[in-house]
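# Report on the structure
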Amino acid sequence: MKILSIVGARPQFIKIAPLVRAIKKRTQSSPSLIKHVIVHTGQHYDPQMSDVFFSELELPQADYGLGVGSGPHGRQTGLMLSMTERVLLEAVPDIVVVYGDTNSTVAGALASAKLNIPVAHLEAGLRSFNRHMPEEINRIVADHVCDLLLAPTPTAMKNLKMEALSPRSVFTGDIMYDAVLFYRELAKQRSQIGERLALKPHRYAIVTVHRAENTDDLNNLKTLLSIFNEIASPDLPLIFPIHPRTSQRIHDELSDWQPQPHLRLIEPVGYLDMLWLLDHAEMALTDSGGLQKEAFFLGCPCITLREETEWIETVQGGGNILTGTDRRKIRAAMTRWQALPKPRDHNFSDAATASFGHGDAAEHVLDALIHFLEGNDNTSTDTLPHDVMHLPPPLSRKRESGCG
């Protein structure tokens, strides 16, 4: 059996790591049982956004590196689609797995579908219900062309049901929860970022900004940078690992802006360093979907600098407050989090388990992939979620004459 995974961005490197470990564990006695091919599109090509993650997560070198790089959505997605198609024709996988909501995701899903290769979407069913977000379009398109939809939460399953996609859907739990639980201890042992930055645990906050709605909209970016300068203080310095997109935008459009001394801009950090920073922060302010979850899993209160979230469970579980770029709302959220006892003695683990599973999503994902390809007769169902038991065959994709 040949599984081909398509990744290209930081969150996808994190998501694939537990699946790599699950496949390795499953094939220890029979290495030829599953061949796992990894395609790296190069959507994140900066070593600090790519190479460091492969190294820290102990991922095997990608079998194919497309080196697509950055660019406008249409150009980037089109180039990925063309190059991915050639890889698929050469590799001939039994099933393709795409991850999350990036341009790599939608390109991989479309290329597979057009070649009649079964394709699974890991992290299916997420909806922010904001179609101005490129990520939302990518999610919707991927879900509607994929054969197997691997949903991380019950909410995602409900979203898929509303779109008449239940027959293709499987609840697996969240594979990023697997990653956080596994790598948290490694971060404590290996990360030295606290010492390098001379940080006092629970006496700083983490800030990240990279979403198009906050970087491409110059007013939003100016507002956020102004707010960060206002709220950073000796008692609560803000650590701001700055995304290359955000850095370039500031350089090009806001060259006169300067951070005040307690707003500490640093280069992007690796996964283990970010887990350590979140694990020891008083709070996080972010527009990242992945960081919202990682903060939630680690018990770090979060302020999401967006009007909505695809991870509504973090809000319902009491660990996340949505503020957008509203000064008043951001300050009110900070006041609420700063009123919590210190050092923080709270966590959101019960809420996390209720929504995101038990940290064994990778095993369920692998079971679902095997079951999808081999059927009930050849696959043990002892450990499968009940939703997996009656998966449909791949979608019928008969070629029609005249189609481009």
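Residues numbered from 1 in each chain as written. Predicted model: local features only at pLDDT ≥ 70, side-chain atom pairs only at ≥ 80, totals over all residues. Heavy atoms only, no water.

### Concerning the sheet that holds strand 10 (residues 263-266)
Taken together, the 6 strands give an open sheet; going across it, the order is 10-9-8-11-12-13, and neighbouring strands pair in parallel fashion. Two strands in the sheet have a free side with no partner beyond their single neighbour: strand 10 and strand 13 (320-322). Here the strands of the sheet are splayed against their neighbours by 20° on average, with no regard to which way each runs. As paired elements, strand 11 (residues 283-286) and strand 12 (residues 302-304) share 3 bridges and run parallel to each other. Its bridge partner lying in strand 12, Ala284 is registered against Cys302. On the sheet, helix 13 (residues 289-297) packs against strand 8 (205-208), strand 11, strand 12 and strand 13 and is oriented at approximately 160° with respect to strand 12. (Pairing = 2+ DSSP bridges. Helix = DSSP H or I, 4+ residues; strand = E, 2+ residues; numbered from the N terminus. Axes fitted to C-alpha atoms, helices over the stretch in contact; angles between N-to-C directions. Contact = heavy atoms within 4.5 Å.)

### Quick notes on empty space enclosed by the protein
Here the structure, examined in full by the defined rule, presents 2 cavities of 30 Å³ or more. Computed from the structure, the largest cavity encloses a volume of approximately 60 Å³. Surrounding the largest cavity, His202, Glu282, Pro301, Trp337, Leu340, Pro341, Lys342, Pro343, Arg344 and His346 form its lining. Residue classes in the lining of the largest cavity are distributed as 5 nonpolar, 2 polar and 3 charged. Lining the second largest cavity are Lys15, Leu122, Glu123, Leu150, Pro152, Thr172, Gly173, Asp174, Ile175 and Val365. Each residue belonging to the lining of the second largest cavity can be placed in one class, and the counts come to 5 nonpolar, 2 polar and 3 charged. (1 Å grid on protein atoms, 1.4 Å probe; cavity = no way out; pocket = protein on both sides within 12 Å on 5 of 7 lines; lining within 4 Å. Points joined across faces, edges and corners; volume = space filled by probe spheres on them. Nonpolar A, V, L, I, M, F, W, Y, C, P; charged D, E, K, R; others polar.)

### Some points on the packing of helix 4 (residues 103-114) against helix 5 (residues 134-145)
To describe two helices that pack against each other, one gives the angle between their axes and the distance between the axes. Taken N-terminus to C-terminus, the directions of helix 4 and helix 5 make an angle of 25°; their axes are 9 Å apart at the nearest point. Classed by the angle they form, the pair helix 4 and helix 5 counts as roughly parallel. Along this stretch, helix 4 crosses helix 5, giving a crossing that reads as left-handed. Counting all contacts with helix 4, which are made through Asn103, Thr105, Val106, Ala109, Leu110 and Ala113, the residues of helix 5 involved are Asn138, Val141, Ala142 and Val145. Grouping the constituent residues of the contact of helix 4 with helix 5 by class yields 7 nonpolar, 3 polar and no charged. (Parallel < 35°, antiparallel > 145°, perpendicular 65-115°, else oblique. Left-handed = near helix turned anticlockwise from the far one by under 90°.)

### A look at the pattern of salt bridges
In the structure shown here, the tally under the stated rule is 22 salt bridges. Among the salt bridges present, the one from Glu230 reaches Arg331, with a minimum N-O distance of 3.6 Å. Taken together, the residues span a long stretch of sequence, with Glu230 in helix 10 (residues 218-231) and Arg331 in helix 15 (residues 327-338) at a distance of 101 residues. Look at Glu230 and you get partly exposed, because its relative accessible area is 40%. We classify Arg331 as partly exposed; its relative accessible area is 41%. (Salt bridge = Lys/Arg side-chain N within 4 Å of Asp/Glu carboxyl O. Buried < 20%, exposed > 50% of the residue type's maximum accessible area, 1.4 Å probe, protein only.)

### Here we look at the confidence of the model for the protein
Scored by pLDDT, the protein has a mean of 90; 91% of the residues are at 70 or more. Taken as a whole, residues 376-404 scores under 50 in pLDDT and shows 51 contacts with residues more than four places along the chain or in a different chain. (pLDDT = per-residue confidence, 0-100.)

### Describing the environment of Leu89
Considering the arrangement of structural elements, one finds Leu89 in helix 3 (residues 73-91). C-alpha of Leu89 to C-alpha of Leu33: the two residues are 56 residues apart in sequence and 22 Å apart in space.

### Some remarks on the side chain of Glu308
Looking at the secondary structure, you find Glu308 in the loop between strand 12 and helix 14 (312-316). For Glu308, a relative accessible area of 15% puts it in the buried group. One polar contact links Glu308 to Asn130, side chain to side chain, over a distance of 3.4 Å. Other than its neighbours up to four places away in sequence, Glu308 contacts Ser128, Asn130, Met133, Glu213 and Leu322. (Polar contact = N/O pair within 3.5 Å; in protein donor to acceptor, adjacent residues only side chain to side chain.)

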